[in-house]
Amino acid sequence: MDVMPKWADVVLIPLISLILAAILSALVIIGIGEDPVAAVKLMVQGALGSTYGWGYTLYYATNFMFTGLAVSVAFHARLFNIGGEGQAMLGGLGVAIACLYVPWPHWSLALIAATLAAALFGAAWAAIPAWLQARRGSHIVITTIMFNFIAAAVLNYVLVNLMRPQGSQDPASARFPDAVHLPTLHEMLAPVGIEFSKAAPANISLLVAIGACIFVWLLIWRTRLGYEIRAYGHSETGALYAGISAVRITMVAMLVSGGLAGMMAINNVMGEAERLVMNATEGAGFIGIAVALMGRSHPFGVFLAAILFGFLYQGGAELALWTTIPRELIVVIQALVILFTGALDNMVRMPLERLFLAMGRRQGAAQPAPLPAPTHPPSVERKDGREEP
Amino acid sequence: MDFLTLIQVLDSTIRLATPLLLACLAGLYSERAGIFDIGLEGKMLAAAFFSAAVAAVTGSVWLGLLAGIAASLVLAGLHGLASITFRGNQLISGVAINFLAAGMTVLIAQDWFSQGGRTPSLMGGARFEPITLPFAEALSGVPILGPIYSELLSGHSILVYLAFAAVPLTWWVLFRTRFGLRLRAVGENPAAVDTAGVSVVGLRYAAVAICGVLCGIAGAYLATALQAGFVKDMTAGRGFIALAALIFAKWRPWHAMYACLLFGFLQAVALRYQNIDLGGIVIPVQVMDALPYILTVVILAGFVGKAIPPRAGGEPYVKER
């Protein structure tokens, strides 16, 4: 019997976790001698108070949607893909190759090719850890961490030795040609009469990211493959008994996950920088973990959580600009969100479950006692590999 | 490469292997007790900052060391709370701790010292000074053995000797004491330990605490001995290299030392040479950077002897009712 109604699991627990993280963040701000209310005002003003702020918020959110979805898809198969960072780096390499070495007549064709290249490179980078997990039982968390570092070394080598233009000191590729310039929100909204900031980097990849959210929803909840992924995530032995191949699900889930992480590159490499630079991902792969945990691995949750983190990122940048609070405050908030929604989930869940149990008993006492419900495991999404007590 | 260059590279190998070794042994205790710890990096970073900060303020490196250990213990306690008491996901807890340390150290450093997330440079008593072993001066003239003794073995800070002394100590504790037997048992089969009437929770907290102390020393070494002060993100992935070394060593203390020396050697070579020319084939420096990780993946893949982690690793223990 489910102890808690579904809404409590989906809305209440993340909300309480978020509030706890917010309270602690406020204490941190007070601790370094700043005013948390003023800081929040400044963040809201800076991130949401102008189309410029919105442009940056949505730009960051686009990155986080891709990486958050990547982590979510793996979570559904109870795999923890911590390698989104490396996969996104390699995705950037794919985008750079697609943009630099093919003369595209129009940006739309380039976008399709770059998206495919990014997904392919990201998926390829996830394929080796996935295969090692599926076939050799190597722990995917460790191998994907290792692959993040290897990706950084590969990118470093490629940028310094292969892609750097002649005579340039900067370890970065050449600028992409003008033909592959993606329309920014300013260019997209101007024809319909909406004035959007010219300087903000949000671009058409936002729509691709939203498309990816819908794609993941369809994949996980409306296809046989998605059903198999969820079944495998719920119970490996159960899935095996139903004839679902563990190797196949592990491979497919990780390939989709890596592909999504790689696709982030169309936003940051093709849409914003328009060349491949070192450390283009700026930790977005890791923020995907926080986004997926907060969004409860559901595409719509990921969408909302990505916008929240986009707001935090842009707001944090504004804070660093106008106050003495460094940008690292956002890293602390991110850590607290991961801590409360992920690791300390039971700290919030256990008292709530007790509360709902007590409430259920009181109701049961008022009415005639119902027949004992057949026991079956709680239908809570076990997305984080946690054993149910 | 002549003999003196070799001595210099090996000397720097020992210095660079020390933080890896301390963190690796820290992970060894934790993972042998069934608590996965990818938060080694964060604990080292927190310890590096607090040791440097307290040493800079008080002028005493020993107070700094204590502060570093305390900071690392706080994070270890958090990891224990999340993964033992609340039976949360140990990997996610580790990720959170890494970020928490990365953010908080810079935030506090900026608040205390206003130097862009770093501490003032440490001088004099605020640093661990090199120790000259007895007769090092006198023996330096002896061919071959002289330089090995006076250059390679002598002249490190006390924490280096401590780290290498911790290897046989760890072996003895884990394999020759009752506590060690129980610690290993709790990582393999906690239910059996529980049946024997020994507290699983207590043992695991003890392991996590030892891990915290060792990570604290590792971080303090980074900031007060290897370098003179804290800079942002100064651990630079060493926690993960230590994790890699731990897997490479298949969770055994002596092998952990060899793995850390190997990875330290790779770092020393990458630091000294940019690209290595091996008779026509040039090995780029990036290969040296990536080699520890590649080697770990190969070991994990089981092509060169299989690395099997403690069986109950990563799983919270739930007492039967």
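Calculation criteria
- Residues numbered from 1 in each chain as written.
- Chains lettered and ligands numbered in written order.
- Predicted model: local features only at pLDDT ≥ 70, side-chain atom pairs only at ≥ 80, totals over all residues.
- Heavy atoms only, no water.
- UniProt positions renumbered as here; feature names shortened; annotations may be inferred.
- Helix = DSSP H or I, 4+ residues; strand = E, 2+ residues; numbered from the N terminus.
- Expected span 1.5 Å × (residues − 1).
- Buried < 20%, exposed > 50% of the residue type's maximum accessible area, 1.4 Å probe, protein only.
- Phe/Tyr/Trp six-rings, centres within 6.5 Å; stacked < 30°, edge-to-face > 60°.
- Axes fitted to C-alpha atoms, helices over the stretch in contact; angles between N-to-C directions.
- Parallel < 35°, antiparallel > 145°, perpendicular 65-115°, else oblique.
- Contact = heavy atoms within 4.5 Å.
- Nonpolar A, V, L, I, M, F, W, Y, C, P; charged D, E, K, R; others polar.
- Patch = residues over 30% accessible without salt bridge, like charges linked within 9 Å, V, L, I, M, F, W, Y side chains within 5 Å.
- Areas by Shrake-Rupley, 256 points an atom, 1.4 Å probe, with all protein chains shown as cover.
- Salt bridge = Lys/Arg side-chain N within 4 Å of Asp/Glu carboxyl O.
- Left-handed = near helix turned anticlockwise from the far one by under 90°.
- Bend = angle between axes of the 7 residues up to and from the residue.
- Polar contact = N/O pair within 3.5 Å; in protein donor to acceptor, adjacent residues only side chain to side chain.

As recorded by an unreviewed UniProt entry, chain B carries the name ABC transporter permease and is attributed to Sedimentitalea arenosa. Of the comments in the UniProt record for chain B, the one headed Subcellular location (unreviewed entry) reads "Cell membrane".

The name that an unreviewed UniProt entry assigns to chain A is ABC transporter permease, with the source organism given as Sedimentitalea arenosa. UniProt annotates chain A under Subcellular location (unreviewed entry) with the comment "Cell membrane".

(A) Seen up close, helix α11 (residues 246–263) of chain A. Compared with an ideal rise of 1.5 Å per residue, which puts 18 residues at 26 Å, α11 of chain A spans 26 Å between its outermost C-alpha atoms and is within 8% of the ideal. Burial of α11 of chain A is extensive: 13 of the 18 residues sit out of reach of the surface.

(B) Summary view of the packing of aromatic side chains. One pass over the structure, following the stated rule, counts 20 aromatic pairs over all chains. Look at F149 of chain A and Y293 of chain B: their rings are 4.4 Å apart centre to centre, the planes differ by 10°, and that puts the pair in the stacked class. One end of the pair, F149 of chain A, is in helix α6 (residues 140–163); the other, Y293 of chain B, is in helix α13 (residues 285–301), on a second chain. Site record: aromatic cluster; members linked through ring pairs are Y52, Y56, Y59, Y60, F64 and Y313 of chain A.

(C) View of the packing of helix α14 (residues 299–322) of chain A against helix α15 (residues 328–343) of chain A. Residues and elements named next belong to chain A. Look at α14 against α15: their axes get within 9 Å of each other, and the N-to-C directions meet at 150°. Between α14 and α15, the angle is such that the two are roughly antiparallel. On the side of α14, the interface is formed by F309, L312, Y313, G316 and L319, while α15 contributes L329, I330, I333, Q334 and V337. Across the contact of α14 with α15, the residue classes break down as eight nonpolar, two polar and no charged.

(D) Here's a closer look at the UniProt feature "transmembrane region" (unreviewed entry) in chain B. Residues and elements named next belong to chain B. The UniProt feature table records "transmembrane region" (unreviewed entry) at residues 12–29, 49–79, 91–113, 158–175, 205–224, 256–275 and 281–304. As annotated, residues 12–29 has a helix share of 100% and a strand share of 0%, and its two end C-alpha atoms lie 27 Å apart. Measuring from the first to the last C-alpha atom of residues 49–79 gives 19 Å, for a span that is 94% helix and 0% strand.

(E) Local environment of a nonpolar patch on the surface. Residue and element names in this part refer to chain A. Nonpolar side chains collect at one region of the surface, where V10, V11, L15, I19, I23, L24, L27 and I30 lie side by side and expose about 680 Å² of accessible area between them. Within the element layout of this structure, L24 appears in helix α1 (residues 6–31). Classification of L24 as partly exposed rests on a relative accessible area of 33%.

(F) Quick peek at the packing of helix α4 (residues 84–100) of chain A against helix α12 (residues 265–273) of chain A. All names here are of chain A. Between α4 and α12, the shortest axis-to-axis distance is 9 Å and the interhelical angle comes to 45°. Compared by their axis directions, α4 and α12 come out oblique. Crossing handedness for the pair α4 and α12: right-handed. Residue-level contacts link A88, G91, G92, V95 and C99 of α4 to A265, I266, V269 and M270 of α12.

(G) Representation of helix α10 (residues 200–226) of chain B. All names here are of chain B. Here α10 spans 37 Å end to end across 27 residues, near enough to the 39 Å set by a 1.5 Å rise per residue. Within α10, the axis deviates most sharply at A220, by approximately 25°. The element α10 is largely enclosed, with a buried count of 20 among its 27 residues. Where α10 begins, the side chain of S199 points an oxygen toward the backbone nitrogen of V201, at a separation of 3.5 Å.

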